[in-house]
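The chain contents come next:
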Amino acid sequence: MTGLISAGAPSWATGPLLPGSAHVTDAGPSSGPMQHLAVVVCARRSWCHGARRTMMQATGVQRARSAPDRDDQQRARIDEFRRAPSVPLAFRIIKQDSDVERVWSVFQQVLGARAMRPRAPFFQSMMTFCRRRLPAKAPDVFDAAVARGIPSDELFGSLIGICCGTNPPMLQELLDRYVRCGPHTLDTMFRVAHVCRASGRPASALFLVDEAARFNADLPEKLLSMFAACCAEADSEVQAADRAQQLLDLIRARRITPPDNRQLFGNLVKPLIAHRRFEAAIDVLSLMDSIDLPPSVHLYTQLLAGLASADRAQQGFAVFRAMVDRDVDVSDRMVASLVAACGRCATLPPVETLHRFAVDRRMLGNDFIICSLVSAYDQCNALDAAERVFQERCDRPGPGPDPRTLAAMIRAYGRHGRLSDAARVFDLAPVGDDPDIWNGFTCTLAKADRLPEGLSALRAMRARQVPADPTTVACLVAACGRCAELHAMASLHQQAQADGLMTNAVISALIYAYAHCGQLEAAERVFQGVARPDMIVLTAMIAAYGHHGLVAKAFATYDRLKSSGEPADERTLASLLTACSHVGEVGRAERTALEFKSAWGVGLESPYARNCMIDLYGRSGNLNEAERLASASAADVVAWMSVLAACRQHGDVPRAERVFAIIQAMDLPAHLLSHVASAYVLMGNVYTGVGRYADARRLRDEMDALGICKIPGRTSLILPGQAAMHFLSGDDRYRADAALRETHARMMRDLAQHGYCPDVAVVVKETASVSDAKQSVCLHSEKLAIAYALKTLPPGAPVHAVKNLRVCPDCHEATKALSAIYRRDIYIRDANRHHHFRDGQCSCGDYW
Ligand code: ZN
Ligand code: ZN
């Protein structure tokens, strides 16, 4: 502070005034106006009693009696200033007067008069006045000083204190001046960063990290900790992760002294986890080891929780191993969340290791660990192990498993198609009205497409006043979509709106399901009703457009996702690839896949996206690439089925045989066994397509011998305002309904006139004669459903139907012709894609 005085103190400023003013300038962020006044009075005891009075005024003492003579004095000084303005007089007024307008006008007058040349102490005293009475003007005072070339470092120190003391702090004003003319010292950076944090805008301080790093000087630990705290508090900003990484790099390169502060490292790791920079976050562990600062339990836990919730099971497991090796305490919650992550990634060995660990540490007394083990074993397709854990828990004396564990076991049975076992566990539940169990059971029914039972379970929940959770509603909506129960779906939609259950999960389920039933406009209406759609909702809409072949709209929605700052995932990529697939845009699909890899680290290793890409290569005739991509993946039956379908389309028999052998050799869980039957059918189609009927017959015999049954084809016709009508091939309704038989016969005649001839190659079952085979093709469920629609719907009205398997080639040809003959749009959603038939063409371009 003495520097201020010695550095060119003007003659008018010498004498008794100075010591006081010097003290006042020491404006730390914590000192308030009262302290200042006290300082002034102590230091300037001999000085005028004005200051003492000011203090009295501030403390409310004797205000009434002293006010008149003080005012008189002040007015006298103002008069004197008007007669003969001078800097020393202005200086005294600023120090002693408390009237804001009077002081400000004197200050302005000094600035306006050319003859007067105020120096640093003058501005400093004005700053002091501002701190007490007029903080909003402090930035202007500072600007005026800078404009006059006054050295600004000390003034900037005062400005920081003043800007921080206002409510809210004047952060922007401060930052503007810092950037323009603040002293760029490490100490100032610390104080500015402090104001950013105090203002609740820690992200505003992040630019200082970069600036400090460029100093090429060691950073004091105090500053480093301040920066780390800003990074942690601004963890939603990408920049926070960048800066945290920058600081860690500096520490690693020993360009700054490694801090002996675990909390600091924890703060730097936080934004890295928030931005999924897990490798960098894990590297912090070795960095801390290298400086002999063992990571804290908190840091390990933070890292493990981040890895688990992002399904980085392998990395999470490695961190867990490191913790165990070092005897770091692993909480049972941590074990449960890691087990859950391993389950979601379907990696069995770590689940088994964690299970053994939980047994050793006697953690199995906690039902949340039991629950996570049951779910994880189920997701790893180890239902036996899930059952064992559950049974051991049930056999324990005392109360039975908690509702969440029961619900997990119900879901596990449901996923493996064991609905009666699910129902048995449901009946085990001691509490009749537990929401977890009811929701778990209802979801299980919905996922198994047992829609009538699922809906009646929902009604039972309502009657018992058990609240349905959004997941249950979403599962039921999805089942309605698959079963084409538009009517039931509309009432679930209404009910969800009335119950306030329109979460993003329910909204996206509605978008998928409406689109699945060909009701794209209804899907769009649901989408448009969402004010701020998140990634899940946007992805659902992209998928809806993708399946309907509306590439431009799919990509426009993707642009909206990008500009919203939401991340994208493998489902988003799959939906875009599906859209590209519809129009055969291989190049665009490949570019999109690259973009996803670089922007979000989402590649073709995820099954959704990979299978879409295989489909795309298959359609474009690039069977080599399709097969290569399928081989690159872990055994995935859906991928190989896509390759097989492509072989049928392109008549590639040797490749089809190779792929078929791979599918046959797969050890598939129960819920995927239906693919084997479909593979036999596809392979049979390949043989008949090239006239190898004997081979097709051999396959049929093999199917019979192995007891592999083809899933019956079922077409569900959506009729406005009523429940869907389900048709099986040649089903009883056809025999019982004379009007339907008549419409069907007329339809087949019209088709024949149009040049259609039934393609018996698609017949899988052995038939007595060719005419029997033709009859069987003509009675496929798709044809019966369309005939029923022609009989029921007004002329020209569109037909909407859903097929549970892929549409067969014969029905596809027939439906194309029917759309032209009857001038109707026919929408059929099959197991693989949407078909929109119009004027004798299909939107799939004859590839499905
Ligand atoms: Zn058919
Ligand atoms: Zn089609």
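Now for a quick tour of the structure. (Residues numbered from 1 in each chain as written. Chains lettered and ligands numbered in written order. Predicted model: local features only at pLDDT ≥ 70, side-chain atom pairs only at ≥ 80, totals over all residues. Heavy atoms only, no water.)

### A word on the packing of helix H32 (residues 535-547) against helix H33 (residues 551-563)
Right, on to step 1. Put simply, H32 and H33 touch, their axes get as near as 8 Å, and they point 165° apart. By the angle class used here, H32 and H33 are roughly antiparallel. Pair H32 / H33 crosses with left-handed handedness. On the side of H32, the interface is formed by Met535, Leu538, Thr539, Met541, Ile542, Tyr545 and Gly546, while H33 contributes Lys553, Ala554, Thr557, Tyr558, Arg560 and Leu561.
Right, on to step 2. When grouped by side-chain class, the residues that make up the contact of H32 with H33 number eight nonpolar, three polar and two charged. (Axes fitted to C-alpha atoms, helices over the stretch in contact; angles between N-to-C directions. Helix = DSSP H or I, 4+ residues; strand = E, 2+ residues; numbered from the N terminus. Parallel < 35°, antiparallel > 145°, perpendicular 65-115°, else oblique. Left-handed = near helix turned anticlockwise from the far one by under 90°. Contact = heavy atoms within 4.5 Å. Nonpolar A, V, L, I, M, F, W, Y, C, P; charged D, E, K, R; others polar.)

### So, helix H22 (residues 367-379)
Right, on to step 1. For H22, which comprises 13 residues, the first-to-last C-alpha distance of 18 Å matches the rise-based estimate of 18 Å (1.5 Å per residue) to within 8%.
Right, on to step 2. If you check which residues of H22 are buried, you get Asp367, Phe368, Ile369, Ile370, Cys371, Ser372, Leu373, Val374, Ala376, Tyr377 and Asp378.
Right, on to step 3. The secondary structure elements touched by the buried residues of H22 are helix H20 (332-344), helix H21 (348-360), helix H23 (383-395) and helix H24 (403-415).
Right, on to step 4. Two residues or fewer past H22, Asn381 is found with a positive phi of approximately 60°. (Expected span 1.5 Å × (residues − 1). Buried < 20%, exposed > 50% of the residue type's maximum accessible area, 1.4 Å probe, protein only.)

### Some thoughts on the sheet that holds strand E1 (residues 714-718)
Right, on to step 1. Ordered by their spatial adjacency, six strands build an open sheet running E2-E1-E3-E4-E5-E6, and the pairing between neighbours is mixed. The strands lining the two open edges of the sheet, one partner per strand, are strand E2 (725-728) and strand E6 (841-842).
Right, on to step 2. Bridge analysis of strand E5 (residues 834-838) against E6 gives two bridges, and the strand direction is antiparallel. Residue Arg838 lies in a different strand from E6, and its bridge partner there is Gln841. (Pairing = 2+ DSSP bridges.)

### Digging into the pattern of salt bridges
Right, on to step 1. Enumeration according to the criterion identifies 40 salt bridges in this entry.
Right, on to step 2. Residue Arg102 pairs with Asp97 through a salt bridge whose shortest N-O separation is 2.8 Å.
Right, on to step 3. The class of Asp97 is buried, set by a relative accessible area of 2%.
Right, on to step 4. Here Glu524 ties to Lys553 by a salt bridge, and the two come within 3.4 Å at their closest N and O atoms. Remark: Lys553 occurs in helix H33 and Glu524 occurs in helix H31 (residues 520-528); sequence separation between them is 29 residues.
Right, on to step 5. We classify Glu524 as buried; its relative accessible area is 14%.
Right, on to step 6. Connected through salt bridges with shared partners, the residues Glu657, Arg692, Asp695, Arg698 and Glu702 form a single ionic network. (Salt bridge = Lys/Arg side-chain N within 4 Å of Asp/Glu carboxyl O.)

### A word on the state of the cysteines
Cysteine pairs can be covalently joined through their sulfur atoms, and such a bond is termed a disulfide.
Right, on to step 1. Applying the stated criterion across every chain, the model contains zero disulfides.
Right, on to step 2. Considering cysteine sulfurs only, Cys163 is the nearest to Cys164, which forms no disulfide, with 8.6 Å between them.
Right, on to step 3. The exposure class assigned to Cys164 is buried, which follows from its relative accessible area of 15%.
Right, on to step 4. Free of any disulfide, Cys231 has its nearest cysteine sulfur in Cys230, 7.0 Å distant.
Right, on to step 5. Among the residues examined, Cys231 registers a relative accessible area of 0% and is labelled buried. (Disulfide = S-S within 2.5 Å.)

### Here we look at unusual backbone geometry
Right, on to step 1. The omega torsion of the bond from Asn167 to Pro168 falls at 0°, within 30 degrees of zero and hence cis.
Right, on to step 2. Tracing the backbone shows Pro168 in the loop between helix H10 (153-165) and helix H11 (171-181).
Right, on to step 3. Look at Arg276: it is not a glycine, yet its phi comes out positive at around 55°.
Right, on to step 4. Residue placement: Arg276 occurs in the loop between helix H16 (262-274) and helix H17 (278-290).
Right, on to step 5. Assessed through its relative accessible area of 49%, Arg276 is described here as partly exposed.

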